[in-house]
Amino acid sequence: MSITERDLGLKKDSAVSEMEDKFPVMTAEFKRIQQEQYELFCAKQKNYGPDNISMGSNLEREDDRKLSLQGLFFRINDKINRYKQMIMFGSQDAVGEPLNDTFKDISVYGIIAQLVQSGKWGK
């Protein structure tokens, strides 16, 4: 089941309508990728739970959120360095993970960081 703008309480503004009209294939694919990433996020959270990011804290204190964001920085940095090695230096992947998986991970970690920062992680 896919999430719609209505489900999220979003309304289409003129920029969204204009881009969807002008670039229907690209915008539809963007939405498809977002849905795929959301499903991946949910599956990973089912496996790991929120403590893998919050490290057992409820993230109510600023120090706890900062620590969680630092952990996310290192996760994102690992993915950026993998991307750099493969694209800029032409290194081959040694574990068989496609580059596309790195793009997905960077994107999802970025959203997780926003959830942590907003105080909504694990709630």
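What counts and what doesn't
- Residues numbered from 1 in each chain as written.
- Predicted model: local features only at pLDDT ≥ 70, side-chain atom pairs only at ≥ 80, totals over all residues.
- Heavy atoms only, no water.
- Helix = DSSP H or I, 4+ residues; strand = E, 2+ residues; numbered from the N terminus.
- Core = buried A, V, L, I, M, F, W, Y, C linked by side-chain atoms within 4.5 Å.
- Buried < 20%, exposed > 50% of the residue type's maximum accessible area, 1.4 Å probe, protein only.
- Contact = heavy atoms within 4.5 Å.
- 1 Å grid on protein atoms, 1.4 Å probe; cavity = no way out; pocket = protein on both sides within 12 Å on 5 of 7 lines; lining within 4 Å.
- Points joined across faces, edges and corners; volume = space filled by probe spheres on them.
- Nonpolar A, V, L, I, M, F, W, Y, C, P; charged D, E, K, R; others polar.

Undergrad: Is there a simple way to think about unusual backbone geometry in this case?
TA: The phi angle of most residues is negative, glycine excepted, and most peptide bonds adopt the trans form. Even without being a glycine, M55 presents a positive backbone phi close to 55°. Tracing the chain through its elements places M55 in the loop between helix 3 (51-54) and helix 4 (62-87). Even without being glycine, L59 reaches a positive phi, approximately 60°. Secondary-structure assignment places L59 in the loop between helix 3 and helix 4.

Undergrad: Whenever I open this one, the nonpolar core confuses me. Can you help?
TA: Membership of the largest hydrophobic core is limited to 9 residues, which are I53, L59, L72, V108, Y109, I112, A113, V116 and W121. Sort the elements by how many residues they give to this core and helix 5 (residues 99-118) lands first, with 5 residues. Look past the residues within four positions of A113 in its chain and what remains in contact with it is L69 and L72.

Undergrad: Help me understand the side chain of Q45 in this model?
TA: Looking at where Q45 falls in the secondary structure, it is placed in helix 2 (residues 24-48). Not counting the four nearest positions on each side in its chain, Q45 is found in contact with P50, N52 and W121.

Undergrad: Sorry if this is basic, but what is going on with the layout of surface pockets here?
TA: Rolled over the atoms, a probe with the dimensions of a water molecule shows which regions are left empty. If you add up the space inside the second largest pocket, you get close to 240 Å³. Taken together, 13 residues make up the lining of the second largest pocket; nearest its centre are K44, Y48, D105, V108 and Y109. Those elements giving two or more residues to the lining of the second largest pocket turn out to be helix 2, helix 3, helix 4 and helix 5. By residue class, the composition of the lining of the second largest pocket is 7 nonpolar, 2 polar and 4 charged.

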